[in-house]
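# Coordinates in review
Residues per chain, in single letters:
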Amino acid sequence: MEIFNLDNHPHVELCDLLKFQGWCESGGAAKEVIAEGQVKVDGKVETRKRCKIVADQVVEFAGGKVVVKP
């Protein structure tokens, strides 16, 4: 499982997280896979593109998994 650090930010938007992790080439591509229901947050499908991901949440996409740390 990978780790994403918020670096003192309160949250990261889901579409940005997918882009930062290199799981999607662009924000537009990230928004598309989120809308298609391909992304899970804490084990549940998340379709809100700008969902705020906070510390200790786990995001899953295409076999990859990342935990968000403060």
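Higher on the page you've got the structure.
Below, the structure is looked at part by part. Keep in mind it's a predicted model, so treat the numbers as computed, not measured.

## Concerning the pairing of strand β6 (residues 58-61)
Pairing of strand β3 (residues 39-41) with β6 involves three bridges; the strand directions are antiparallel. Bridging from a neighbouring strand, Val 41 pairs with Val 59 of β6. Alignment of β6 against strand β7 (residues 64-69), held across four bridges, turns out to be antiparallel. By the bridge assignment for β7, Val 58 is matched with Val 67. Here β6 folds back onto β7, and the loop between the two strands holds two residues, one of which, Ala 62, carries a positive phi near 50°.

## Observations concerning the sheet that holds β6
Within the open sheet, the five strands sit side by side as β1-β7-β6-β3-β4. Their pairing is mixed. The outermost strands of the open sheet, each flanked by one partner alone, are β1 (2-5) and β4 (44-45).

## Some thoughts on the pattern of salt bridges
Under the counting rule described, the total for this entry stands at three salt bridges. The partner of Arg 50 in a salt bridge is Glu 13, with the nearest N and O atoms 2.4 Å apart. Taken together, the positions of Arg 50 in the loop between β4 and β5 (52-53) and Glu 13 in strand β2 (residues 12-13) put the pair 37 residues apart, joining distant regions of the chain. A salt bridge links Arg 48 to Glu 46; the nearest nitrogen and oxygen atoms lie 2.8 Å apart. With a relative accessible area of 11%, Glu 46 lands in the buried category.

What counts, and where the lines are drawn
Residues numbered from 1 in each chain as written. Predicted model: local features only at pLDDT ≥ 70, side-chain atom pairs only at ≥ 80, totals over all residues. Heavy atoms only, no water. Pairing = 2+ DSSP bridges. Helix = DSSP H or I, 4+ residues; strand = E, 2+ residues; numbered from the N terminus. Salt bridge = Lys/Arg side-chain N within 4 Å of Asp/Glu carboxyl O. Buried < 20%, exposed > 50% of the residue type's maximum accessible area, 1.4 Å probe, protein only.

Purely spatial values, then, with no claim about function.
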